[in-house]
Structure formats: structure tokens, C-alpha cells
Amino acid sequence: MSATTRRIVYVIVYELVGILAVTFGLSALGFGGGQSGAVAIASSTVAVTWNFIWTSMFEAWERRQESQTRTVKRRIVHAIGFEGGLTCFLIPVVAWVLKVSLLEAFFLQASILVFFLIYTFVFMWVFDKIWPPYTNVVESTTPVNK
């Protein structure tokens, strides 16, 4: 599987499973299935869109830096910026769709964030086992003389 195809499959499967998990999770908390599904789909749409926008902006900034090395500090800043922006966008959406206060939406969104931290780790691990990452290692077909 090509690297591009692998990324596309990853995003599609990741988001579909995430949508189902959030829908069932919110339903288990007593919210209606329609509302839960709407929050899950809206969250997924906002997350994919924000990921594209944030990462594009971050990489544009990164290209202008003296060092373009992705250090741990830089990765932490990227992750905090992504999750912080996503949370800011989603709290009003969650509050509006579920008809809860902004404070309740904040706690629901925080719970969803914790779930996605764990889910992302597990999903990536399983996905890599099923479809190993593309490697640039080319095996030689030329016999080696001994």
C-alpha cells in the first residue's frame, strides 16, 4: 500500500471508529442517539479540518525557523496548539447540540479528549500491525558474492 493510500485509509477508519465510539459513549451518558451522533460527526469534521489548517500553519511557521528539526518541545507545542484549538472550537458545538452549559460541554469535551489520547495510541498500534508503515528500504535483487 502506498504511503498516500495508507494515510487516507488511516484517517477514514480512525474517524469512523471514533464517530461510533463517541456516539455510543454520549448515548451511554443519557444523551439521545441523534444528538450524540451529531456531536460525533461534527467533532470529526472539525477535527479533520482543524488538523489540516493547524498543521499547514505550523509547518509554514516551521519552515521559517532557523532550525527545522522536530524536537520534542516543538512536537509538544504542535500537539497543545492542535488540542487547544480543537477544544475551543468544539465546546460551543457540544453545548449547542446537547443543550448543556458551556461548563458541562467543557467537561464532556475534556472526557472526549482523554478518550482520544488513549484511542489514538491503541488505534495507531493496531493499524501499524495490520498495515505496517511504508519503508524506504529496498531489498537488493543482486546476489552478493562471498
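Residues numbered from 1 in each chain as written. Predicted model: local features only at pLDDT ≥ 70, side-chain atom pairs only at ≥ 80, totals over all residues. Heavy atoms only, no water.

(A) Structural detail: the overall build of the chain. Helix and strand content of the chain: four helices and zero strands. Starting at the N terminus, the α and β elements of the chain follow one another as α-α-α-α. On C-alpha atoms alone, the chain measures out to a radius of gyration of 19 Å, which is more than a quarter above the 15 Å that the 2.2 N^0.38 rule sets for 146 residues. Considered along the principal axes of its C-alpha atoms, the chain spans approximately 75 × 40 × 20 Å. Of all 146 residues assigned to the chain, the portion counted as buried reaches 29%. (Helix = DSSP H or I, 4+ residues; strand = E, 2+ residues; numbered from the N terminus. Rg over C-alpha atoms; globule rule 2.2 N^0.38 Å. Buried < 20%, exposed > 50% of the residue type's maximum accessible area, 1.4 Å probe, protein only.)

(B) The nonpolar core, seen in detail. Counting 15 residues, the largest nonpolar core has Leu 26, Leu 98 and Leu 108 as the members making the most contacts within it. Counting residues per element, the ones that place at least two in this core are helix H1 (3-28), helix H2 (33-63), helix H3 (72-98) and helix H4 (102-130). A per-element tally of this core places H3 first, with five residues. Setting aside chain neighbours within four positions, we find Leu 108 in contact with Leu 26, Leu 29, Phe 31, Val 94, Leu 98 and Val 100. (Core = buried A, V, L, I, M, F, W, Y, C linked by side-chain atoms within 4.5 Å. Contact = heavy atoms within 4.5 Å.)

(C) The arrangement of H4 in detail. Along its 29 residues, H4 runs 40 Å from first to last C-alpha, staying within 8% of the 42 Å computed at 1.5 Å per residue. Those residues of H4 that are buried are in contact with H1 and H3. (Expected span 1.5 Å × (residues − 1).)

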